[in-house]
Amino acid sequence: QRENPGIVVAGRRTGEDLAAHYASGDVFVFPSITETYGNVTIEAMASGLAVVAYDYASAREHIRHHVNGLLAPFDHGDAFMNLSAALARDGTRIRELGARAREPAARLDWSCIVAEFERAMLEVSATAVDADALA
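Everything in this summary refers to the structure shown in the same document. A quick note: this is a predicted structure, and the numbers were derived from the prediction, not measured.

The rules we used
Residues numbered from 1 in each chain as written. Predicted model: local features only at pLDDT ≥ 70, side-chain atom pairs only at ≥ 80, totals over all residues. Heavy atoms only, no water. Buried < 20%, exposed > 50% of the residue type's maximum accessible area, 1.4 Å probe, protein only. Helix = DSSP H or I, 4+ residues; strand = E, 2+ residues; numbered from the N terminus. Arc of directions from axis to C-beta. Contact = heavy atoms within 4.5 Å. Salt bridge = Lys/Arg side-chain N within 4 Å of Asp/Glu carboxyl O.

Here we look at helix α2 (residues 39–46)
(1) Moving on: Looking only at α2, the buried set comprises Thr41, Ile42, Ala44 and Met45. The arc that holds the buried residues of α2, viewed along the axis, is 160 degrees, so those residues lie on one side.
(2) Moving on: Tucked inside the fold, the buried residues of α2 contact α1 (15–24), β1 (27–30), β2 (50–54), α3 (57–62) and α5 (91–106).
(3) Moving on: Two residues or fewer after α2 comes Gly48, characterised by a positive phi angle close to 80 degrees.

Notes on the pattern of salt bridges
(1) Moving on: Counted according to the given criterion, the structure contains 4 salt bridges.
(2) Moving on: Note that Glu96 is salt-bridged to Arg93, the shortest N-O span being 3.2 Å. Note that Glu96 and Arg93 are positioned in helix α5 at a spacing of 3 residues, about one turn of the helix.
(3) Moving on: Given a relative accessible area of 33%, Glu96 falls into the partly exposed group.
(4) Moving on: Its salt-bridge partner being Glu123, residue Arg119 comes within 2.7 Å of it at the nearest N-O pair. Separated by 4 residues within a single helix, Arg119 and Glu123 lie in helix α6 (residues 110–134), roughly one turn from each other.
(5) Moving on: Since its relative accessible area comes to 43%, Arg119 is described here as partly exposed.
(6) Moving on: Residue classification places Glu123 among the partly exposed positions, given a relative accessible area of 45%.

Right under this line is the structure:
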């Protein structure tokens, strides 16, 4: 923080304060190697933030490296720090990644999730019918 006075390191936030930080941010740096579902990653992407995360769990599922965020190899701290530092110095790249970050998050609304679940159930049903026909 001393070396980069223009960068705000907000620390842990919750509730409305967290929402306000997402809304006013540019980059979300998520160094967790223990997360699973990754609510915070999706929230950051939905807020249009450029995300840097490790290439695993939720981040692997939703982030396309250099397309809508940046992924460092799992548990490679140096690579993670290098990606984060390079992104912090590139305002154009931050805006590009942030603009595309919303796309995967938009597909996670309930209507899309229900439609995907319905499609999966119809496929299972069709497979079961085909198996019965062969029996």
